[in-house]
Each structure stands twice: as C-alpha cells, then as structure tokens.
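Coordinate inspection notes
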Amino acid sequence: MKLTRGFRRLAVVLSLLGLAVMLSGCGEQFVVLDPKGVVGKHQLDLILITTGLCLIVVVPVIVMAFVFAYRYRNRAGSKADYQPTWEHNTKLELLWWGIPILIIVILGAITAHYTYKLEPSKALASDKKPIVIQVTSLDWKWLFQYPDQGIATVNYVEFPANVPVRFELTSDAPMNSFWIPQLGGQIYTMSGMAMKLNLMADEPGTYMGMGANFSGREFGKMRFDAKATTQAEFDNWVKNVKSTAPALTQEGYDKLAEQGTMGTQDYSSIPAGLFDKIVTKYTNGTVIHQHGGDASASTDMNDMNMEGMDMSGMDMSTSQSTTDAQSAHDH
C-alpha cells in the first residue's frame, strides 16, 4: 500500500515537472500578451475579459471536483452525508444554470462590441496619414510593396511607429494568413482578393511576423521581421533602399513567385500596377473585395468567369466585385 501511494505521488510530481518543461518552450509565443499597438491592446483586453468570465465557472467546478472526490470517497468511518433519494433543489438549479447563462449573455455582448470595434478594414484614429503597404504571400516568402515610396522588400517590412499602416493583402500562391502578433490579429491572404488590415505600432521595435496558415512543407519558414522606427529613420531607410538596391522587374517578380525559400531582399523600384496584376491574375481582370472594398460597379458572382480558380469551401455570400480592376482599387 505504501509503495502504491509513493508511486502516485511520484507520478504527480513528474507530471508537474513535465508540464513545466513543456510550457517553458512556449516563452517566445507569449508575445500576444505583450502588445505594442492599439489593436493588439484591445485584443488583449478581450482575451483577459473573456478568460476572467470563464474562470468564474471553471475554477469552482475544478475545485469542487477534487473536494467532492475526497470528501465522499469510500472509507471506513466516513461522516459525509449520504442521501441516495435526493433529486432536486430549486436554489441550486437556479445557481448552476443562472450563472452560466448570465456569463454567456455578457460574453456575447462584449464579443459583438469588440468585433465591430476591431474590424480589420476600419481606419485607425490618428492625425497622421496612413502608410500603405501591399502584401503578397508567395511560395514560401512575403513580398511587401510600398506604392507611395516606389520600393519593395522580401521577408522584411519597415514602417514608422505611431503612424497608421494600411496593409493591402493578396496571395499569388495557396491561401495564407498574415500575422504580426504584437500589433494585432491575423488576416487571410487569398488569390483574387484584396484584403485590408489596419495596424499601428505605438513604440519603435522589431516584432515577429509570420504566416499563420499551413501552405506547404516550408510554411514554417514564412517568418519576417516587422520593424517600427522613428519617421526620420524610416525616411533614411527608404532613401538608402532607393539608392542601393536593385530594381524589381516583371521578370524578376515571375522568378520571385516561383516556389522556394529565400532571405531578405530590397528593391529600389517596382513594376507599375504589379499588385493589381497579382490580384486580378486569377479572376480575368475582376477584383473581389473583402472588408470594406469599393463595390461601385458590382456584378453577381454567378456571372463571373471563375475558370481556373478553385472556389470550393469559400463563403462568398458577402463578397463584392467590380468590373473595372483599376477603378476598384480605390480602397
């Protein structure tokens, strides 16, 4: 008996040690709990509020599970009440049904509030003009175009802190997910669609960026640094890229889009309309917008020629399209 009890205690200790060792490997993954942008901070608020509300139910249930198992265990001389005919108590029924229902109602209201507040295409409040960065997910790399600055980068993105950044995103490869955890939540990149995501870093720093979607054997290497700098440092960086980096030609992009991994790369210029060409590549010149896209000349999805585009499994109930690819890019 003593040997069995000893083994049980040893198993508990080893389990706790094993759990501690496994959790120690997640240290770098807790960046979501250390937000550096206004969107990330609001999302952390939502995480903490919902977790706290859930704990109101989870903690008492777990504690009572252990207390009941210990108090009412089968043992000689037990003084615990034994009432095999007991079947109903109105006060207890109201307690264990009423509290969860109230929590669910509160969670629903809070989630709806934050869903509208953190809509990805919603412009962030600021007295500064947003910087536009066009993002394309490739096999297996990220291309960032700066249309106003006329430069591009691969697997590296830089922008000034405390300035809104409007990411316009698409894919020239399998569907992926663009994510800078410390600045805000992820958003999908999809072929033939121009998504929008507004973020803003509230202090300079280098933040981890990644593809958060399985897109092939090298998807784990689709990571990049997102560097927030001062405005002066950003201007100097743009000037340096324009004076030292090679140009990105259409032939160069075609080569870049081929399957493979690579490190970082800067380009001093980009082909005119490259992002638009990538977006309309799979839709015969038609742009499908999500998250607040312009739909001034919309067409029915059923009337579109979607030859060569796998739309299975995609919910297009809220999608809108335009017939003029150029005018449609007035985001």
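So, how was this worked out
Residues numbered from 1 in each chain as written. Predicted model: local features only at pLDDT ≥ 70, side-chain atom pairs only at ≥ 80, totals over all residues. Heavy atoms only, no water. UniProt positions renumbered as here; feature names shortened; annotations may be inferred. Buried < 20%, exposed > 50% of the residue type's maximum accessible area, 1.4 Å probe, protein only. Helix = DSSP H or I, 4+ residues; strand = E, 2+ residues; numbered from the N terminus. Pairing = 2+ DSSP bridges. Axes fitted to C-alpha atoms, helices over the stretch in contact; angles between N-to-C directions. Parallel < 35°, antiparallel > 145°, perpendicular 65-115°, else oblique. Contact = heavy atoms within 4.5 Å. Nonpolar A, V, L, I, M, F, W, Y, C, P; charged D, E, K, R; others polar. Core = buried A, V, L, I, M, F, W, Y, C linked by side-chain atoms within 4.5 Å. Domains from an automatic or database assignment. 1 Å grid on protein atoms, 1.4 Å probe; cavity = no way out; pocket = protein on both sides within 12 Å on 5 of 7 lines; lining within 4 Å. Points joined across faces, edges and corners; volume = space filled by probe spheres on them.

In the annotation of an unreviewed UniProt entry, the chain is listed under the name Quinol oxidase subunit 2 and assigned to Cohnella candidum. Check the Catalytic activity (unreviewed entry) section of the UniProt entry for the chain; it says "2 a quinol + O2 = 2 a quinone + 2 H2O". The Function (unreviewed entry) field of the UniProt record for the chain holds the comment "Catalyzes quinol oxidation with the concomitant reduction of oxygen to water. Subunit II transfers the electrons from a quinol to the binuclear center of the catalytic subunit I."

Time to look at the pairing of strand β1 (residues 131-138). Two faces, one strand: in a regular strand the side chains alternate between the faces of the sheet. With 8 of 8 residues buried, β1 lies mostly within the body of the structure. Along β1, one buried face is formed by Ile 131, Ile 133, Val 135 and Ser 137 and the opposite face, lined by Val 132, Gln 134, Thr 136 and Leu 138, is buried too. Taken together, the 7 bridges between β1 and strand β5 (residues 165-171) define a ladder with parallel strand orientation. For Gln 134, the partnering residue across the bridge sits in β5 and is Glu 168.

The next thing to look at is the packing of helix α2 (residues 38-71) against helix α3 (residues 90-117). Orientation of α2 relative to α3, taken along the N-to-C sense of each, is 175 degrees, at an axis distance of 10 Å. Viewed along their axes, α2 and α3 adopt a mutual orientation that is roughly antiparallel. Here His 42, Asp 45, Leu 46, Ile 49, Thr 50, Leu 53, Cys 54, Ile 56 and Val 57 of α2 lie close against α3, whose contacting residues are Ile 99, Ile 103, Ile 106, Leu 107, Ile 110, Tyr 114 and Lys 117. In terms of residue class, the contact of α2 with α3 is built from 12 nonpolar, 2 polar and 2 charged.

The next thing to look at is the pairing of strand β6 (residues 176-179). Relative to strand β7 (residues 187-189), β6 is paired through 3 bridges, and the arrangement is antiparallel. Along β7, the bridge assignment pairs Ser 177 with Tyr 188. The pairing of β6 with strand β9 (residues 205-211) spans 2 bridges and is antiparallel. Within β9, the residue paired with Phe 178 across the bridge is Gly 211.

Core analysis: the biggest nonpolar cluster contains 44 residues, and Ile 133, Phe 144, Tyr 146, Val 157, Phe 159, Phe 167 and Phe 178 have the highest contact counts within it. Counting residues domain by domain, this core receives three or more from each of domain 1 (32-61 + 94-118) and domain 2 (131-281). Core analysis: the next-biggest nonpolar cluster, separate from the first, contains 11 residues, Leu 248, Tyr 267, Leu 274 and Ile 278 among them.

The computed volume of the largest pocket comes to approximately 360 Å³. Forming the boundary of the largest pocket are 21 residues, of which Val 39, Gln 43, Lys 117, Leu 118 and Glu 119 lie nearest the centre. Residue assignment for the lining of the largest pocket shows that the elements contributing at least two residues are α2, α3 and β8 (193-199). The residue makeup of the lining of the largest pocket, split by class, is 11 nonpolar, 7 polar and 3 charged. When we break the lining of the largest pocket down by domain, the ones giving at least three residues each are domain 1 (32-61 + 94-118) and domain 2 (131-281).

On to the sheet that holds β9. The 5 strands are arranged β4-β10-β9-β6-β7 in an open sheet whose pairing can be described as mixed. Of all the strands in the sheet, just β4 (156-160) and β7 have a single pairing partner and so form its edges. Ignoring which end each strand starts from, the neighbouring axes of this sheet average 25 degrees apart. Sheet analysis places β9 next to strand β10 (residues 223-229), joined by 6 bridges and oriented antiparallel. Bridging from a neighbouring strand, Tyr 207 pairs with Ala 226 of β10. Helix α4 (residues 231-244) contacts β4 and β10 of the sheet and is inclined by roughly 135 degrees relative to β4.

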